[in-house]
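# Architecture and fold: a report
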Amino acid sequence: MLDATKLLEEQSEINLDIQDLVKLKQDAKSIDDNVSKILVQANKTMKVFESLKYQKRNVELLMNTLNSFLELNRLKESIPLALKDKNIEKSIKLAQVFTEIQPIIIKEFCKDDFLFVEQLVKKDLVNLQKEMFELAVKQNNLDQINLCSQLAKTLQVDCSFDKIKEIHSQEIRQQLKNLEEQFFDKLPIQYDLLQSQYKFTIGEHFIQILETIKAEEYAKSMGEEAFLQLIKHLLENICSPFLIGTIKKLQGFFEIDKMLKSTSKPQFDNSLYQSISKTYYLNEKQLQRLEDYNLEISDIAQQYYGFIDHCQKFSKQEIKIKFGDIITEQLGYYLEYSKIKMNQRVLQIIQNSQAINSLWNFDKIKFHHLVAIKDPLMGNGFHQWLEEIFYLIKEQILEFYYTNDPIITSAFINFVGYNLIGEDLFQISLQLYHRYLKKEYFTSNSICISEEPTVHNSFIILLFNILSNIPNYLKTLKSQIFSEIQQPKQMITAAIDEMIESNQKRFQKLTDEKIKQLADYLKNTISNTYDEIKSLSFTSNELVMKEQEREYTKLFSGQFKQTYKFNIWQKQFNYDNYELLIYHSSSIAAKNLEVIIMQKQYHFIGAILVEKEIRNIVNYFQSLCTTNVKQQFNRLQLVCETLIQEKYADMDEFHSSVAIQEISLQDMKKIKLLRVDLQ
């Protein structure tokens, strides 16, 4: 019974599960049906949405089309106003509007209006852009150039750098043509046809050509590289033909080579003039012509290099064009012509100098007043010709410096140093020295050592004072040049230093040689003093007795002092010359006294007397100057000190310990033989 009940219960549960499964299947089908319905509805909805979206696009397109018609009408009225006012900023906006409406406007509905506006934009606005851009470039209006560039971009027209170059080129080319016409109206055909002083018309025209290029204005409107390209283009392609034409006109106008060929080297009776005359000899008119040409070239070079330097400040790069080679070539002519001019001017200064003529011809009457003058150099402007020469040199060097070409400037400085100063001025000095430093002019009645001033002495002192002052003129020249120029290139500084230092040494050496010669000739005027010394005997008993009795008075040193009276020379000679004179006189006196002493014979007392006399003379010469002249007597004093030794052995010892450097063994043997009392 229990089993049957359990079985019925299990069957009941199985029936219940089948019913649930059937229900679930029904529910699933119902859900699938609903999903299908939803999908169908969603598809319908999407189609409706797409339809609405297309309708909206059509509405927007319709609205844009309507707006484009309105904008077209506005452009039809606004563009003519912008053109009339030449308003680039407004034109940019209008052109942008036309660009925007062009793809969407229905041209069939407004064909005439569209074509009219299109003509305004593509022709009139383009022309306005070109006109205003060209004007902005010429005026260097950077803001306007930028606006025109924006308009060009909108209009899709060319606004390249080549266009800028073309604009500047056309403007400058027209200016140059106008300048050329004015230039030929001003200038005579040839220099010879000038009716008045030359006004440097060619150089002025050259400068005007360069001034057509407004570098500073260009630099404000473009970058460094574009500026560099523009300047090179304008110089090489636009201005160069006019600049070259100006140079050719300069050469044809002056005809310097033709003028020089018509001259010849002059022959002068005056050997001073002849010594410094060169291949050419120009009269004053020809010389002025040469100077005018040189000034033109100098100014042209200065302006050209100055212009290039000015441009390089903006480009930050070196600007080098072919025309620069032509300037260098012209500076080569300038250098050669300047050499000719300088030689001519120096010769002219010498010819026209009354002081030189007086010095050369020894105007005795004129020089009489020098006797009472303490410093003859300052008397009556006898040094004026030197000042004129050095002023000429300074001005010409500065003229070369201002050409801004260090190579040409250095070459000219070298010419001045080696030729003008080293040859011409040196030759003038030599000629003057040789004319009067002759042995026959040195007598007691002419140039001599005397207590009272004489016209001959004052004259020769003046001559030395003038010529020996040339190193000081050189020193002054150097300081004047460097005070005028600012931060010269090393090449120029080295050339100036070489010019000054080499010539200072050369002229100082010349002065030293001539004063030595002067001292030697002056010695001849007191030869009687040396003759009296030669007549003295240093072995006589009378001399011994006077020395022993203290009755000795100076044998020859006193007379030596009375004869060598340099007080007049000291008063009139400049300091350096006087010191040199005493120095060389001391040396000459020492050598002459040694010759005399080495020809005498001595006993002990005689040797002592000679040694004392020489000491007195040495002290006297030293008292005459501040230069150490005692060293000039070193050998002579050593000879005397050797002579006063009591024995030969003492002489040998003295020689080995003191005098071995000054006195040779052979000379020592000769000195021993002079002491006859030891033999």
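So, how was this worked out
- Residues numbered from 1 in each chain as written.
- Predicted model: local features only at pLDDT ≥ 70, side-chain atom pairs only at ≥ 80, totals over all residues.
- Heavy atoms only, no water.
- Helix = DSSP H or I, 4+ residues; strand = E, 2+ residues; numbered from the N terminus.
- Buried < 20%, exposed > 50% of the residue type's maximum accessible area, 1.4 Å probe, protein only.
- Contact = heavy atoms within 4.5 Å.
- Areas by Shrake-Rupley, 256 points an atom, 1.4 Å probe, with all protein chains shown as cover.
- Phe/Tyr/Trp six-rings, centres within 6.5 Å; stacked < 30°, edge-to-face > 60°.
- Salt bridge = Lys/Arg side-chain N within 4 Å of Asp/Glu carboxyl O.
- Axes fitted to C-alpha atoms, helices over the stretch in contact; angles between N-to-C directions.
- Parallel < 35°, antiparallel > 145°, perpendicular 65-115°, else oblique.
- Left-handed = near helix turned anticlockwise from the far one by under 90°.
- Lys, Arg positive; Asp, Glu negative; His and termini not counted.
- Polar contact = N/O pair within 3.5 Å; in protein donor to acceptor, adjacent residues only side chain to side chain.
- Nonpolar A, V, L, I, M, F, W, Y, C, P; charged D, E, K, R; others polar.

This paragraph deals with the overall build of the protein chain. A tally of regular secondary structure across the protein chain gives 28 helices and zero strands. Relative to its full complement of 679 residues, the protein chain shows a buried share of 45%. Of the contacts made within the protein chain by residues no fewer than 6 positions apart, 78% connect residues no fewer than 24 positions apart. Taken as a whole, the protein chain presents about 36,400 Å² of accessible surface, with 51% of it coming from carbon and sulfur.

Here we come to the side chain of Q645. Tracing the chain through its elements places Q645 in the loop between α26 (634-643) and α27 (648-659). If we ignore the near neighbours within four places in the chain, the residues touching Q645 are D650, M651, F654, R675 and L678.

Let us look at the packing of aromatic side chains. Taken as a whole and assessed by the stated rule, the structure comprises 38 aromatic pairs. Taking the centre distance of 5.2 Å and the plane angle of 35° together, the rings of Y191 and F254 count as tilted. Of this pair, Y191 sits in the loop between α5 (161-186) and α6 (201-211) while F254 sits in helix α8 (residues 224-254), and the two are 63 residues apart along the sequence. This pair shows no difference in class: Y191 is buried, exactly as F254 is. Through successive ring pairs, a cluster of aromatic residues spans Y191, Y198, F200, F253, F254, Y293, Y333 and Y337.

A separate point is the pattern of salt bridges. Throughout the structure, instances matching the rule amount to 14 salt bridges. Between R345 and E291 there is a salt bridge whose closest N-O contact spans 2.7 Å. Remark: E291 occurs in helix α11 (residues 284-315) and R345 occurs in helix α12 (residues 323-352); sequence separation between them is 54 residues. As far as the burial class goes, R345 and E291 line up, both buried. The shortest N-O distance in the salt bridge between K672 and D652 comes to 2.5 Å. Of the two residues, K672 sits in helix α28 (residues 665-674) while D652 sits in helix α27, which places them 20 residues apart along the sequence. On the basis of relative accessibility, which here comes to 35%, the residue D652 falls in the partly exposed class. Bridged by salt links that share partners, the residues E284, E291 and R345 form one connected network.

For an α-helix the count is 3.6 residues per turn, leaving residues at separations of three or four pointing the same way. A large share of α6 lies buried, amounting to eight of its 11 residues. Turning to α6, its buried residues are T201, I202, G203, H205, F206, I207, I209 and L210.

In this section: the packing of α12 against helix α16 (residues 406-436). α16 packs onto α12 with a crossing angle of 25° between their chain directions and a minimal axis gap of 11 Å. Judged by the angle between their axes, α12 and α16 are roughly parallel. Here the hand of the crossing between α12 and α16 comes out right-handed. Here α12 contributes L331, G332, L335, S338, K339, M342, N343, V346 and I350 to the contact with α16, which in turn contributes I408, A411, F412, F415, L420, D424 and I428.

Once that is clear, we can look at the side chain of D292. Looking at where D292 falls in the secondary structure, it is placed in helix α11. No salt bridge is formed by the buried D292; its nearest oppositely charged neighbour, R289, is found at 8.3 Å. Polar contacts involving the side chain of D292 include one to the side chain of Y191, which spans 2.6 Å. In this structure D292 touches Y191, Y198, F200 and F254, once residues within four positions along its chain are discounted.

Let us look at the packing of α12 against helix α15 (residues 384-401). It is at 10 Å that the axes of α12 and α15 come closest, and there the two elements cross at 165°. The orientation of α12 with respect to α15, classified from their angle, is roughly antiparallel. As α12 runs across α15, the sense of the crossing is right-handed. For the pair formed by α12 and α15, the contact residues are Y334, L335, S338, K341, M342, R345, V346, I349 and I350 on the first element and W385, E388, I389, L392, I393, Q396, E399 and F400 on the second. Residues that form the contact of α12 with α15 fall into these classes: 11 nonpolar, two polar and four charged.

That's the geometry; what it means functionally is another story.
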